[in-house]
Each structure stands twice: as structure tokens, then as C-alpha cells.
Amino acid sequence: MALEHLSVGEIAVILPGAATVFRRHKIDFCCKGDTVLAKEAESRGLDLAALEAELHALETPGVHAPAETADLIAHIIERYHKVHRREFPEVIALARRVESVHQDRTDCPRGLANLLADMFEDLEDHQHKEEAVLFPAMIRGMGPVLRDPIARMMQDHDDLGALLRFMAELTDDFVPPEGACTTWRALYAGCSKLDMDLREHVHLENNILFQRFL
Ligand SMILES: [Fe+2]
Ligand SMILES: [Fe+2]
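Residues numbered from 1 in each chain as written. Chains lettered and ligands numbered in written order. Predicted model: local features only at pLDDT ≥ 70, side-chain atom pairs only at ≥ 80, totals over all residues. Heavy atoms only, no water.

**Considering the overall build of the protein**
Next up, step 1: Tallying secondary structure elements over the protein gives eight helices and zero strands in all.
Next up, step 2: In the protein, the order of α-helices and β-strands from amino to carboxyl end is α-α-α-α-α-α-α-α.
Next up, step 3: A principal-axis box enclosing the C-alpha atoms of the protein has dimensions of 55 × 45 × 25 Å.
Next up, step 4: With 214 residues in all, the protein has 45% of them scored as buried.
Next up, step 5: Look at the contacts in the protein between residues 6 or more apart in sequence, and 74% of them connect residues 24 or more apart.
Next up, step 6: Averaging the coordinates of the 23 positive side-chain charges in the protein and doing the same for the 37 negative ones gives two points 3 Å apart. (Helix = DSSP H or I, 4+ residues; strand = E, 2+ residues; numbered from the N terminus. Buried < 20%, exposed > 50% of the residue type's maximum accessible area, 1.4 Å probe, protein only. Contact = heavy atoms within 4.5 Å. Lys, Arg positive; Asp, Glu negative; His and termini not counted. Charge placed at Lys NZ, Arg CZ, Asp CG, Glu CD.)

**Quick look at the environment of T69**
Next up, step 1: Within the secondary structure layout, T69 lies in helix α5 (residues 69-101).
Next up, step 2: The class of T69 is buried, set by a relative accessible area of 19%.
Next up, step 3: Sequence separation between T69 and Q211 is 142 residues, and the spatial gap between their C-alpha atoms is 11 Å.
Next up, step 4: If we ignore the near neighbours within four places in the chain, the residues touching T69 are L209, R212 and F213.

**Topic: the nonpolar core**
Next up, step 1: In this structure, I11, F22, L37, L55, M138, L209 and F210 are the most contacted members of the largest nonpolar core, which totals 33 residues.
Next up, step 2: Looking at this core, the elements that each hand over two or more residues are α1 (8-14), α2 (18-24), α3 (37-44), α4 (48-56), α5, α6 (112-139), α7 (147-170) and α8 (182-209).
Next up, step 3: Among the domains, domain 1 (8-56) and domain 2 (69-213) are the pair contributing at least three residues each to this core.
Next up, step 4: With residues up to four places along the chain from it excluded, the contact list for F210 reads E130, L134, F135, M138, I150, M153, M154, H157 and E205.
Next up, step 5: In terms of nonpolar packing, the next biggest core, distinct from the first, is built from 28 residues, L164, M167, W184 and L194 among them. (Core = buried A, V, L, I, M, F, W, Y, C linked by side-chain atoms within 4.5 Å. Domains from an automatic or database assignment.)

**A word on the coordination of the iron ion (ligand 1)**
Next up, step 1: Within the first shell, the iron ion (ligand 1) binds the protein through H81 (NE2), E130 (OE), H201 (NE2) and E205 (OE), at distances of 1.9 to 2.2 Å.
Next up, step 2: Every donor counted, the four donor atoms about the iron ion (ligand 1) form angles of 90 to 164 degrees at the centre, which fits irregular coordination.
Next up, step 3: For the iron ion (ligand 1), the donor residues sit on a single chain with the sequence spacing H-x48-E-x70-H-x3-E.
Next up, step 4: In this model, the iron ion (ligand 1) sits 3.2 Å from the iron ion (ligand 2), the two metals being bridged by E130. Within this pair, whereas H81 is found in helix α5, its partner H201 is found in helix α8, the two being separated by 120 residues in sequence.
Next up, step 5: You can call H81 buried: its relative accessible area is 0%.
Next up, step 6: H201 gets classed as buried once you look at its relative accessible area, which sits at 3%. (Donors = N, O, S within 2.8 Å, 3.2 Å for Na, K, Ca; no water. Tetrahedral: all angles 85-135°; square planar, octahedral: opposite > 155°, others 65-115°.)

The structure is reproduced here in C-alpha cells:
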């Protein structure tokens with residue numbers, strides 16, 4: 001299958017494991033999912049043929065997306081909303097510890113705990129709106145009237161994307177510095193997991209669920 005003319009969002013849907021490859025190359029398949037692969041490769045200076053070969057070689061299972069809308073919504077809540085609610089407080093606590101113990105080091109991720117706390121607060125508000133209003137309306141089969149609320153949710157997703165980029169900058173793309181302690185390593189592993197989960201979560205909403213109502 002020729003991939004170059006497909007959008008990165010489509011590829012992430014049809015090709016299991018593509019999300020992981022995109023993340024490795026910092027290709028935004030969730031908020032900028034409508035960008036065509038060839039264009040994305042060109043603008044990022046990536047070798048298109050090598051990228052396509054990497055995508056074709058995928059064998060691992062990709063983002064799981066149930067076909068029925070109600071099932072997809074239940075999956076998003078169970079696999080993402082609830083998991084973020086559990087993991088954010090743990091990662092914020094790790095960040096506070098690292099920032100206080102290692103404040104003298106130049107590579108200390110200063111501001112990471114506050115960034116994570118802000119992200120979590122915004123996300124909670126956003127998830128609540130989805131769970132209380134938008135998702136039930138979708139399950140009831142409401143159509144075009146959902147355009148505006150969906151646009152607002154997609155704007156929130158874009159804002160979250162900007163914060164994720166900032167988190168990656170602060171953590172040197174989740175690579176702990178030489179000699180980092182276990183807490184520091186656990187922190188960056190936790191941030192990396194949050195990043196992947198949040199990108200998959202936004203991808204399922206922007207590129208699959210919301211498209212059914214636009
Ligand atoms: Fe969501
Ligand atoms: Fe969302």
C-alpha cells in the first residue's frame with residue numbers, strides 16, 4: 001500500500017504500530033493528523049522512503065479502536081481518561097521530589113511539576129466536559145449540533161499538544177541525564193508514558209470519534 005499520499009492520522013488508524021513510529025520521529029499524528037505523509041516528511045527533513053519502509057515493517061498491534069461509537073467512547077474513558085487520572089498525580093509527585101532534591105543541578109527539570117499540574121487541571125476540566133455532555137450527546141446520536149462543542153474540544157487538544165512539546169523540551173525528550181537517580185528515571189519514564197497515552201487519546205478522538213459527527 002502506498003502511504004505517501006495518505007494523511008498521518010489515517011495511517012495511524014489503518015496501520016498498527018504507526019503511532020509509535022510517528023512519535024519517534026516527532027510527527028504529530030493527533031493534532032496535525034490531516035497532514036499528508038510526503039508533506040510531513042519534506043517539512044521535517046525526513047527521508048520519505050526510509051519512513052515508509054519503517055511503517056511497512058510494522059508488526060506490533062496499534063491503537064485499539066472499537067468500531068461502535070458507544071464502545072469506542074467506553075474504551076476512551078477506561079483506557080485513557082481513568083488512566084490519566086491515576087497517573088498524573090503520581091508523576092507530579094515524582095517531579096516535585098526531583099525538583100526539590102536536585103535543584104542545584106543545571107539539568108534539573110525546573111518547572112516540570114507545575115507544568116504537569118497545569119496540564120492535569122486543564123485535562124480534568126476537558127475530560128469532564130466530554131464525559132458529562134459531549135459523549136452522552138454522541139451516544140444519543142445527535143449530529144450537526146455537535147460541531148461547535150467538537151471544535152472547542154479540538155482546540156483544547158491543540159493546546160495540550162503545545163504543552164506536550166514543552167514537557168519534551170524540559171525532559172530532553174524523556175532522556176534522563178548521566179547519573180540520574182531512580183526517581184528521576186521513573187519521572188521521565190512516567191512523562192514518556194503520559195505523552196504516548198495522551199497522543200493516542202487525542203488521535204482516537206480527533207481522527208476517529210469526532211470525524212463521525214463532522
Ligand atoms: Fe477524551
Ligand atoms: Fe478530548
